[in-house]
Amino acid sequence: MSIGIGVVGAGVMGADHAMTLARHVSGATLIAICDADEERATRVATQTGAVRQYSSADSLIRDNQVDAVLIASPDETHADLVLACLEARKPVLCEKPLASTADRCLDIVRAEVRLGRQWVQVGYMRRFDPPYLAMRDAIATGQCGRPLLVHCTHRGVKAAPFMTSDMVVSAGAVHEIDITRWLLDEEIASAQAFASRSKTSSPIRDPQFLVMKTKSGVLITVEIFESAGYGYDVRSEVVCDNGTISLAAPIDINIRKEGTESFAFAADWRPRFAAAYRAQLQAWVNSVLSGTPCGASAWDGYVATAVADACLESTNTSRRIDIQLAPRPDLYK
Ligand SMILES: NC(=O)c1ccc[n+]([C@@H]2O[C@H](COP(=O)([O-])OP(=O)(O)OC[C@H]3O[C@@H](n4cnc5c(N)ncnc54)[C@H](O)[C@@H]3O)[C@@H](O)[C@H]2O)c1
C-alpha cells in the first residue's frame, strides 16, 4: 500500500524533504508540490518527479490524490495550514515550530481533541537522530546516575535574512527545548533568557543564552548563535551524578597533517541531520499507514512553543518566568 504526499513550501526544507521522500522513503509517493513562488514549485517538481504543482496550499490540501501533507512553509503560515489539513481530515507532518505562538498551537491541540485522534506530527527531527537516540538510551539506563545539568550549544554559519531576534528562540532554540524535555522525559518549569552584546554588524540579538530548570531541578543551559560563522555545530552534554553523556563531535573524517589536526563542519543542518530527516519521514509514513502516532505530537509542539514564549517574555521583562502549561488533554497521555 502506498500513500500520496503533498508538500507545501518548496524552499530549503521543502526541497530537501521532497527529495528525501522521492528517493529514500517507502510506502509513499510524492504526488504534489505547492509554493507561493511558482518557479520554485516547478523546479522542485522537476527534480523529484512530483506530477502536480500548485501555488495555493488549499488546492493541494483538497487534492483527492493527496492523502497526507508535509508543511515546510514559513513559521507564521503553519497554524492555518495545519488547521486546514485537520478540516480535510488529512494527516500532517508540520515543520517546527507548530505555530508562532503557544495560543495558536493550542488552537491546533483543541481541533485535534475535537476530532478524537492525533493527525499531527511536528518536525522535531532530532528525536529520530541516532546520536540523540543513543544519548536518551544512555540516560535511561542510569549508568552515569541522575542527570543534573544539560549544556546545549547550537551554532550556525549565518542567520537567514528573514530571521528576527525572537525567531532565534522561537525557530532556533526551540529545537533545544524540545530535545531536552524528550531526553529528560520531564517538563521545563522555568526559563530565563539573556543576550550578550551581538555579533558585530548583526541586525538581530545573536547570540542568546537561555537558562531553564526542569520540574525535578535539572538545570539546562542553551547557547544559540545563528551567525557563528565557522560552521553548523550542535552539541549537547548531560552531566550526571557520576559521569557525563555527550554527543560526539560531528566528524566524518579527521585529517592530521603538517602539525595540525582538522575536520570539516557542515555548512548547515541538512548534512548533520540527514539520517534524522530520513528516519522521521519514514516513521511518519509508517504511522499514517498504521494509524499509530509517532514523533512529536501537537501537544509536544505546544509545550515547546510555550517554553519559547516564556524565554521571549523573559527577554522583554529581564525576569525569570515560571511556565504554566494548559491542562494536558487525555488524547496525549
Ligand atoms: N527541522 C529543521 O531542522 C528545520 C530547519 C530549517 C527550517 N525549518 C523550518 O522549515 C520551514 C521552512 O523553512 P525554510 O528554511 O525551508 O524556508 P524557505 O524560505 O527556504 O522556504 C519557504 C518556502 O515557502 C514558500 N511559501 C511561503 N508562504 C507560502 C504559502 N502560504 N503556501 C505555500 N508556500 C509558501 C516560500 O515561497 C518559500 O519557497 C520553517 O518553518 C522553518 O522554521 C526546519
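In the block above lies the structure referred to throughout.
Residues numbered from 1 in each chain as written. Predicted model: local features only at pLDDT ≥ 70, side-chain atom pairs only at ≥ 80, totals over all residues. Heavy atoms only, no water.

## Some words on the overall build of the protein
Scanning the protein from terminus to terminus reveals 10 helices and 15 strands. For 333 residues, the compact-globule estimate of 2.2 N^0.38 gives 20 Å, and the C-alpha radius of gyration of the protein, at 20 Å, lies within 12% of that figure. Its C-alpha atoms give the protein principal-axis dimensions of roughly 55 × 55 × 45 Å. Among the 333 residues that make up the protein, the fraction classed as buried is 52%. Within the protein, contacts between residues at least 6 apart in sequence are counted, and of these 72% link residues at least 24 apart. Positive and negative side-chain charges in the protein, numbering 34 and 39 respectively, have mean positions lying 2 Å apart. (Helix = DSSP H or I, 4+ residues; strand = E, 2+ residues; numbered from the N terminus. Rg over C-alpha atoms; globule rule 2.2 N^0.38 Å. Buried < 20%, exposed > 50% of the residue type's maximum accessible area, 1.4 Å probe, protein only. Contact = heavy atoms within 4.5 Å. Lys, Arg positive; Asp, Glu negative; His and termini not counted. Charge placed at Lys NZ, Arg CZ, Asp CG, Glu CD.)

## A closer look at the nonpolar core
Formed by 106 residues in total, the largest nonpolar core has its most connected members in Ile-33 and Val-120. Excluding residues within four positions of it along the chain, Ile-33 makes contact with Val-7, Ala-10, Ala-18, Ala-41, Val-44, Ala-45, Thr-48, Ala-50, Arg-52, Gln-53, Tyr-54 and Leu-60. (Core = buried A, V, L, I, M, F, W, Y, C linked by side-chain atoms within 4.5 Å.)

## Digging into the sheet that holds strand β8 (residues 188-195)
Strands in a sheet are paired, the pairing made by backbone hydrogen bonds, and the direction either parallel or antiparallel. Sheet architecture is open: 7 strands sit in the order β12-β11-β7-β10-β9-β8-β15, paired in mixed fashion. Both edges of this open sheet fall to β12 (244-246) and β15 (321-322), since each of them pairs with a single strand only. Relative to β15, β8 is paired through 2 bridges, and the arrangement is antiparallel. Note that in β15 the partner of Ser-190 across the bridge is Asp-322. Strands β7 (147-155), β8, β9 (208-214), β10 (219-225) and β11 (233-240) of the sheet are contacted by helix α7 (residues 165-184), whose axis makes an angle of about 145° with β7. Across the face of the sheet, helix α10 (residues 298-317) comes into contact with β8, β9 and β15 while running at roughly 45° to β8. (Pairing = 2+ DSSP bridges. Axes fitted to C-alpha atoms, helices over the stretch in contact; angles between N-to-C directions.)

## A closer look at unusual backbone geometry
Geometrically, the link from Lys-96 to Pro-97 is a cis peptide bond, its omega value of -10° lying close to zero. Within the fold, Pro-97 resides in the loop between β5 (92-94) and α5 (102-115). Of note, the bond from Asp-206 into Pro-207 is cis; its omega dihedral lies within 30 degrees of zero at 10°. In this fold, Pro-207 is placed in the loop between β8 and β9. Of note in the backbone geometry, Arg-89 takes a positive phi value of approximately 55° without being a glycine. Mapped onto the secondary structure, Arg-89 falls in the loop between α4 (78-87) and β5. Arg-89 sits in the partly exposed class, given a relative accessible area of 47%.

## Side note on the site of the ligand
Taken together, 24 residues lie around the ligand, and Met-13, Asp-35, Arg-40, Asp-75 and Tyr-277 are the ones closest in. In this structure, Lys-96 approaches the ligand through a side-chain N or O atom, which is 3.0 Å from an oxygen atom. The separation between an oxygen atom of the ligand and a polar side-chain atom of Tyr-277 is 2.6 Å. A per-class count over the shell around the ligand returns 12 nonpolar, 7 polar and 5 charged. (Near = heavy atom within 4 Å. Polar contact = N/O pair within 3.5 Å; in protein donor to acceptor, adjacent residues only side chain to side chain. Nonpolar A, V, L, I, M, F, W, Y, C, P; charged D, E, K, R; others polar.)

## Re the environment of Pro-147
By the element assignment, Pro-147 lies in strand β7. As for Pro-147 and Leu-86, which are separated by 61 residues in sequence, their C-alpha atoms are 38 Å apart. Not counting chain neighbours up to four residues away, the residues in contact with Pro-147 comprise Ile-139, Leu-184, Val-218, Val-238, Val-239 and Cys-240.

## Thoughts on the side chain of Lys-96
Here Lys-96 shows up in the loop between β5 and α5. Side-chain polar atoms of Lys-96 contact the backbone oxygen of Ala-171, separated by 2.8 Å.

## A closer look at the pattern of salt bridges
Summed over all chains, the structure comprises 21 salt bridges. Residue Arg-52 is joined to Asp-63 by a salt bridge in which the shortest nitrogen-to-oxygen separation is 3.0 Å. Placement of the pair is Arg-52 in strand β3 (residues 52-54) and Asp-63 in the loop between α3 (57-62) and β4 (68-71), with a sequence separation of 11 residues. On the basis of relative accessibility, which here comes to 32%, the residue Arg-52 falls in the partly exposed class. (Salt bridge = Lys/Arg side-chain N within 4 Å of Asp/Glu carboxyl O.)

## Concerning the packing of α5 against α10
Contact geometry of α5 with α10 gives a least axis separation of 8 Å together with a crossing angle of 165°. When the axes of α5 and α10 are compared, the pair comes out roughly antiparallel. Our pair here, α5 against α10, has a crossing hand that is left-handed. Seen from α5, the contacting residues are Ala-102, Cys-105, Leu-106, Ile-108, Val-109 and Glu-112; seen from α10, they are Ala-298, Trp-299, Gly-301, Tyr-302, Thr-305, Ala-306 and Asp-309. For the contact of α5 with α10, the residue count by class is 9 nonpolar, 2 polar and 2 charged. (Parallel < 35°, antiparallel > 145°, perpendicular 65-115°, else oblique. Left-handed = near helix turned anticlockwise from the far one by under 90°.)

## A closer look at the pairing of β10
Burial analysis of β10 places 6 of its 7 residues in the buried class, which makes it a mostly covered element. Pairing of β7 with β10, which is carried by 7 bridges, proceeds in the parallel orientation. Bridging from a neighbouring strand, Cys-152 pairs with Val-222 of β10. Between β9 and β10, which pair antiparallel in sequence order, lie 4 residues; one of them, Gly-217, sits at a positive phi of approximately 105°.

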